[in-house]
Amino acid sequence: MCKECKKPYYITTPIYYPSGNPHIGHCYTTVACDSIARYRRMQGYDVMFLTGTDEHGLKIEQKAAEKGVTPKEYVDEIVKVFKSLWKTMNISYDRYIRTTDDYHIKSVQWIFNELYKRGYIYKGEYTGKYCTPCESFWTESQLDENGCCPECHREVTEAKEEAYFFKMSPFADRIEKLLTETDYLQPKTRATELVNNFIRPGLEDLCVSRTTFKWGIPVTFDEGHVVYVWIDALSNYITALGYQNDQYDDFNKFWPADVHMVAKDIMRFHAIIWPAMLMALELPLPKHLAVHGWITFNGQKMSKSLGNVVDPVILSERYGADSIRYHILREMALGADSSFSNEIMINRINSDLANGLGNLVSRTVAMADKYFGGTLPEEREEGEFDSELIAEASALREKVDGLMDKTQLNNALAEIFKVVSRANKYIDETAPWVLGKDESKKARLASVLYNLLDTIRIVSTLLNCFMPSTMPKVWEQIGAGDPDVTYENAGKFGVLPANVTVKRGDIIFPRIDVDKEIDELNKIIGDNSPAEETEDDGFKPAPLADEITIDDFAKIDLRVALVKECEKVKKSKKLLCLQLDDGMGGRQVVSGIAQWYKPEDLIGKKIVLVANLKPVKLCGVESNGMICAADTPDGAASVVFPDQTLPCGAKLR
Ligand code: MSP
C-alpha cells in the first residue's frame, strides 16, 4: 500500500520525568504502546508512536543542584539512559519529544496566551497545599486521612502566591459525558471514581502557573511566572505534531490521537484536564485513554522514591528483552495492578516461552529435519485432530484483532498461547515419532508437520509485535519468507509452500534454572528492595492451629477463581463484593479487604477461593465463600494471587 493511502494511527506514552533512571514500571506503558504500534503497522496503518521526557520543575532543579550541574545538563544524561533502555527493549518510537525543545516551548507559550486571550485563564491568588515530589496542588479536602498528598502520601507544604488559574467548570458537563457516555476511557469502570471525586463535587479551577522556581516554560506576559507542569506536559501530544510550531507539520494528519496510554496515577490529568484544555482550544478530543495499573513489588508501587525498582536492563541482559516484554505484558490486566516477582517472571518464561513456544518450534523443526531431511514431501493425508487445530489457528487473528482494539494485550497473548498449547497437544495426539517409524505413514506425517509449521507461522506473525527480535528467528527455522508472515496471511491457513524447507537453529528461549537464577537475582535486584528484607520487619507469625489429618484438610475445597466484577459494599468501609468466575457457573463473595484493595486492583485477577464455605450474609449481602489472604507484618491482609495461567475452578491440593 502506498504511504498516502494508509490510514494514520497515533499512539502516545506519557512523557517521563527524567529525575532518575527508568525502571520496569516505566517499561510497561512503553512496551505496551510499542506492541500496539507494531501491530498497527503490520495491519497497514501509517503509525506515529510518540514518547519523550517531561523536563521541568523543582525536583529536577534540586537534583541538578545537588550534583553541581545545570538542570539541562542533568536531564541530558538521564535522557541518554532512557533512550538506551528503549533501544535495549526494542522500542520502535517514531518521535521523541523533550519538553525543553525550543519548538515545544514556543507552542506551550502560544497555548497559554491563547487560553488567556479566550478568557479561560485569569490571574488570582493561590492558597493551598503543594506536593513537591508529585508537583501537584491539592485542596484541603483532597488530602489523605493524614493530611498528606493523596497520591504519594508524603507531606505537603503550605503554598500562597499570585498565580494564574484555568477555568474548568465550563467543561464539566461535556467531560462527564465523555467519561460516562463514550468509550474514551478504557476500562470504562474507572469513570465512576473520576465523576464522583472530581466532577460531581464541582470542577475546581486549576492553578496553572508557579513563581517559586525557575526551571520551566516562562509565561510570556508576566515575568517570574512559569507554566504549570501539567499544562506544559499534556501539550506535548500536539506540539510534537507541529501544533503552533514549524518543527513538524503532521498535526492535521495524526490528530486526534487514537490512544493515549497512561497508568492510573495520572489518569485524572488525562481524563479531565487534558480534555478541558482541548475543549478550550476548540480542538478534537483523543479517541481513547487506556489506563493500566501499576507494576508493584511486594504490594507497593515500584518507584524510585520507594527504592524498590527492578532494573530492566539487568533483566534483559540475562533473559533477553523479548522475555521481559512478554512477561510484563502478559501479567498486566487493564484495570488491575500487577505484582512483580522474580520467581513468577522466571516460571512464566520457562512455562510459556521455553516449554510452550520454544519446544513447539524445536520439536517440529527437528522432526521435519529428522524424517524428511528438512524438506516436506508434497504428498498429504488428512487425519483426526487436524480440523480442530486448523480451525483454532485460522480464527486466531480475528480474536487478537478484537483484543488489541480494546488494548487488552494480556488477553491477546493468552489467546495466542492457547493455540501454542493446542499445537503441542496435537503433537501428543498425532504422535509423529510413531508415524515416522512406518514408511506407509509418510504422507500423514507430512500433513502433521505441515499443520504444525503453518500454525507456528500464524502464531509467530501475531507475536512479532510483542517479541520482535525472536520471531524472525522462528521464521528462519520454519522456512517462512517475508510474504508468508504478513497480517493478511496471519488470517489464513495453508500459506507455507507444501514442500517447505526448515532449518534447525538455536533454541529460541533457553530454559532458566529457577533456583540458581532466583538466588542470583535476589543478590542483584532484591538488595534494592527494603520491602524484601525480612529480618527486621517485626513480623510474628500467628500461633500454629491444632493439628488436623489429611482427611480434615480434604474437607476444605480451595479453588482458583477469576474476579470478574468488584465493588464496595454500601454502608461498609471494610467489605468488597466480588463476582467470581469459579469455573462452575460463577458466584458472589463478600470479603473484608476494602481497606487494602480497591475494586480495580482485583478485577481481572485470579484468586484462591474457599469454595465450600456455608453461605452467610455480611451487611445484608450474600457471600458464598471466602477469598484467601495472608497476614502482613503491618497487620494488613494480602490477597493470595495464584499463578494467573491456572484455569478457573482448578482445585488446590
Ligand atoms: N511526567 C508525567 C507524565 C506526563 S504525560 C503528559 C509523569 N511521569 S513519570 O515518569 O512519573 O511517570 C510516567 C508514567 O509511568 C506514568 O503513567 C506512571 O504512572 C508510570 N509508572 C511509573 N511507575 C510505574 C509502575 N511501577 N508501574 C506502572 N507504571 C508506572 O507522570
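Quick caveat: nothing in here was measured; it's all calculated off a predicted structure. The numbering scheme is per chain: residues are counted from 1 as the chain's sequence reads. Local features in this predicted model are restricted to residues of pLDDT 70 or higher, and side-chain atom pairs are both shown and tallied only at a pLDDT of 80 or more, whereas totals for entire chains, interfaces and linings draw on every residue. Where side-chain values are given, they derive from all heavy atoms of the structure, hydrogens and water being excluded.

Next up on the list: the overall build of the protein chain. Here a strand is any run of E in DSSP of at least two residues, a helix any run of H or I of at least four, and the numbering for each starts at the N terminus. For the protein chain, the count of helices and strands is 22 helices and 24 strands. The quantity called the radius of gyration is restricted to C-alpha atoms. Its globule counterpart is 2.2 Å times the number of residues to the power 0.38. Computed over the C-alpha atoms, the radius of gyration of the protein chain is 27 Å, within 12% of the 26 Å expected from 2.2 N^0.38 for a compact globule of 653 residues. Taken along the three principal axes of its C-alpha coordinates, the protein chain extends 90 × 70 × 50 Å. Relative accessible area decides the class of each residue, using a 1.4 Å probe on protein chains only: under 20% of the type maximum gives buried, over 50% gives exposed, and in between gives partly exposed. Looking at the protein chain as a whole, 54% of its 653 residues are labelled buried. Residues are treated as being in contact if the distance between any of their heavy atoms lies within 4.5 Å. Across the protein chain, every contact between residues at least 6 apart in sequence was considered, and the portion connecting residues at least 24 apart equals 75%.

With respect to spatial proximity, 23 residues lie near the ligand, and among them Ile15, Asp54, Ala263, Asp265 and Ile295 are the closest. Between an oxygen atom of the ligand and a side-chain N or O atom of Asp265, the distance comes to 2.4 Å. Whenever two N or O atoms come within 3.5 Å, that pair is a polar contact, provided that in protein one can donate a hydrogen and the other can accept it, and provided that, for residues adjacent in sequence, both atoms are side-chain atoms. Between the ligand and Ile295 there is a distance of 2.7 Å, counted from a nitrogen atom to a backbone nitrogen or oxygen. Where accessible areas are quoted, they stem from the Shrake-Rupley method and a 1.4 Å probe; at the residue level, only the protein chains shown are allowed to cover. For the ligand, the protein covers 95% of the area, taking 660 Å² as the surface of the free molecule. For the shell around the ligand, the secondary-structure elements that each account for two or more residues are strand S1 (8-16), helix H1 (24-43), helix H7 (229-234) and helix H8 (236-239). Within the shell around the ligand, the residues separate by chemical class into 13 nonpolar, 7 polar and 3 charged. If a single non-hydrogen atom of a residue is within 4 Å of a molecule or strand, that residue counts as near it. Note on residue categories: nonpolar means Ala, Val, Leu, Ile, Met, Phe, Trp, Tyr, Cys or Pro, charged means Asp, Glu, Lys or Arg, and polar means any other residue, Gly included.

As a packed pair, helix H11 (residues 312-319) and helix H20 (residues 514-524) sit with axes 12 Å apart at the nearest point and diverge in direction by 155°. Between H11 and H20, the angle is such that the two are roughly antiparallel. When the axes of H11 and H20 are compared, the crossing they make is right-handed. Mapping the contact onto sequence places Ile314, Leu315, Arg318 and Tyr319 in H11 and Glu517, Glu520, Leu521 and Ile524 in H20. Residue composition of the contact of H11 with H20, by class: 5 nonpolar, no polar and 3 charged. Simply put, an axis is a line fit to the C-alpha atoms, just over the touching stretch for a helix, and the angle between two N-to-C directions goes from 0 to 180 degrees. Every angle not falling under 35 degrees, over 145, or within 65 to 115 is termed oblique; those three ranges are roughly parallel, roughly antiparallel and roughly perpendicular. The crossing is said to be left-handed when, going from far helix to near helix, the turn is anticlockwise and less than a right angle, and right-handed when the turn is clockwise.

Let's shift gears to the domain arrangement of the protein chain. As far as domains go, the protein chain holds domain 1 (3-98 + 233-315), domain 2 (109-229), domain 3 (338-490) and domain 4 (550-652). Computed from C-alpha atoms alone, the centre-to-centre distance between domain 2 and domain 4 is 38 Å. Those domain boundaries reflect an automatic or database domain assignment.

A few words now on a negative patch on the surface. Each patch is built from residues lacking any salt bridge and having more than 30% relative accessible area; the joining distance is 9 Å for like charges and 5 Å for nonpolar side chains (Val, Leu, Ile, Met, Phe, Trp, Tyr). Whenever a carboxyl oxygen of Asp or Glu lies within 4 Å of a side-chain nitrogen of Lys or Arg, that contact is scored as a salt bridge. By the counting scheme adopted, Arg and Lys are positive, Glu and Asp are negative, and His together with the chain ends is not counted. In plain terms, the charge of a residue is placed at NZ if it is Lys, CZ if Arg, CG if Asp and CD if Glu. Taken together, the side chains of Glu343, Asp513, Asp515 and Asp519 define an acidic patch exposed on the protein surface. Tracing the chain through its elements places Asp519 in helix H20.

So, about a nonpolar patch on the surface. A contiguous nonpolar surface patch, about 380 Å² in accessible area, is contributed by Ile548, Ile550, Phe553 and Ile556. Overall, the relative accessible area of 33% leaves Phe553 in the partly exposed class.

Right, let's talk about the pairing of strand S6 (residues 157-166) for a bit. Every regular strand shows the same layout, with side chains that alternate between the two sheet faces. We call two strands paired when DSSP finds no fewer than two bridges between them. Sheet topology places strand S4 (residues 121-131) next to S6; 10 bridges connect them, and they run antiparallel. Bridged to Tyr122 within S6 is Phe165. Here 2 bridges tie S6 to strand S8 (residues 206-207), and the two strands are oriented antiparallel to one another. In the sheet register, Phe165 faces S8, and the bridge partner there is Cys207.

Our focus in this paragraph is empty space enclosed by the protein. Cavity: a set of points on a 1 Å grid over the protein atoms alone where a 1.4 Å probe fits but cannot get out. Pocket: an open set with protein on both sides within 12 Å along at least five of seven lines, its lining residues, like those of a cavity, having an atom within 4 Å of a point. Grid points are joined across faces, edges and corners, and a volume is the space filled by probe spheres set on the points. If you walk through the whole model with that rule in mind, you get 1 cavity of 30 Å³ or more. Of the voids in this model, the largest cavity is the one considered here, and its volume is about 30 Å³. For the largest cavity, the full set of lining residues is Ile295, His327, Ile328, Glu331, Ser338, Ser339 and Phe340. Those elements that place two or more of their residues in the lining of the largest cavity are helix H12 (321-331) and strand S15 (338-340). Broken down by class, the residue content of the lining of the largest cavity amounts to 3 nonpolar, 3 polar and 1 charged.

Okay, the packing of aromatic side chains next. We call Phe, Tyr and Trp rings a pair once their centres come within 6.5 Å, taking the six-membered ring for Trp, and we label the pair stacked below 30 degrees between planes, edge-to-face above 60, and tilted otherwise. Tallied over the entire structure, the rule returns 24 aromatic pairs. Considering the side-chain rings of Trp110 and Tyr243, the 5.8 Å spacing of their centres and the 90° angle between planes classify their relative orientation as edge-to-face. With Trp110 in helix H4 (residues 102-117) and Tyr243 in the loop between H8 and helix H9 (251-254), the pair connects residues that are 133 residues apart, well separated along the chain. On the accessibility criterion, Trp110 (30% relative accessible area) is partly exposed. Taking the relative accessible area as the measure of exposure, Tyr243 reaches 7% and is therefore buried. Where Phe251 meets Trp255, the ring centres are 6.3 Å apart and the plane angle is 10°; that geometry is what we call stacked. As far as burial versus exposure is concerned, Phe251 and Trp255 are alike and both buried. Here a set of aromatic residues connected by ring pairs shows up, and it is made of Tyr10, Trp110, Tyr237, Tyr243, Phe251, Phe254, Trp255 and Trp274.

Here we come to the nonpolar core. The biggest cluster of nonpolar side chains holds 105 residues, and the ones touching the most others in it are Leu357, Leu463 and Phe466. Looking at this core element by element, the count peaks at 13 residues for helix H13 (residues 342-372). Looking at which domains feed residues into this core, each of domain 1 (3-98 + 233-315) and domain 3 (338-490) gives three or more. Leave out the neighbours within four places in its chain, and Phe466 touches Ser35, Arg325, Leu329, Met404, Leu409, Ala412, Leu413 and Ile416. Within this scheme, the nonpolar core is defined by two criteria: the residues are buried Ala, Val, Leu, Ile, Met, Phe, Trp, Tyr or Cys, and they are joined through side-chain atoms within 4.5 Å. Counting residues in hydrophobic clusters, the runner-up holds 71 residues, among them Tyr164, Phe165, Leu179 and Leu278.

A word on the pattern of salt bridges. According to the stated counting rule, one finds 45 salt bridges in the structure shown. In this structure, the salt-bridge partner of Arg98 is Glu55, at a minimum N-O distance of 2.6 Å. One end of the pair, Arg98, is in strand S3 (residues 95-98); the other, Glu55, is in the loop between strand S2 (46-53) and helix H2 (58-67), and 43 residues separate them in sequence. Accessibility classification places Arg98 together with Glu55 in one group, the buried group. A salt bridge links Asp250 to Arg95; its shortest N-O distance comes to 2.9 Å. Here the residue Asp250 occupies a position in the loop between H8 and H9, and Arg95 occupies one in strand S3, the gap between them amounting to 155 residues. Residue Asp250 shares its accessibility class with Arg95, and that shared class is buried.

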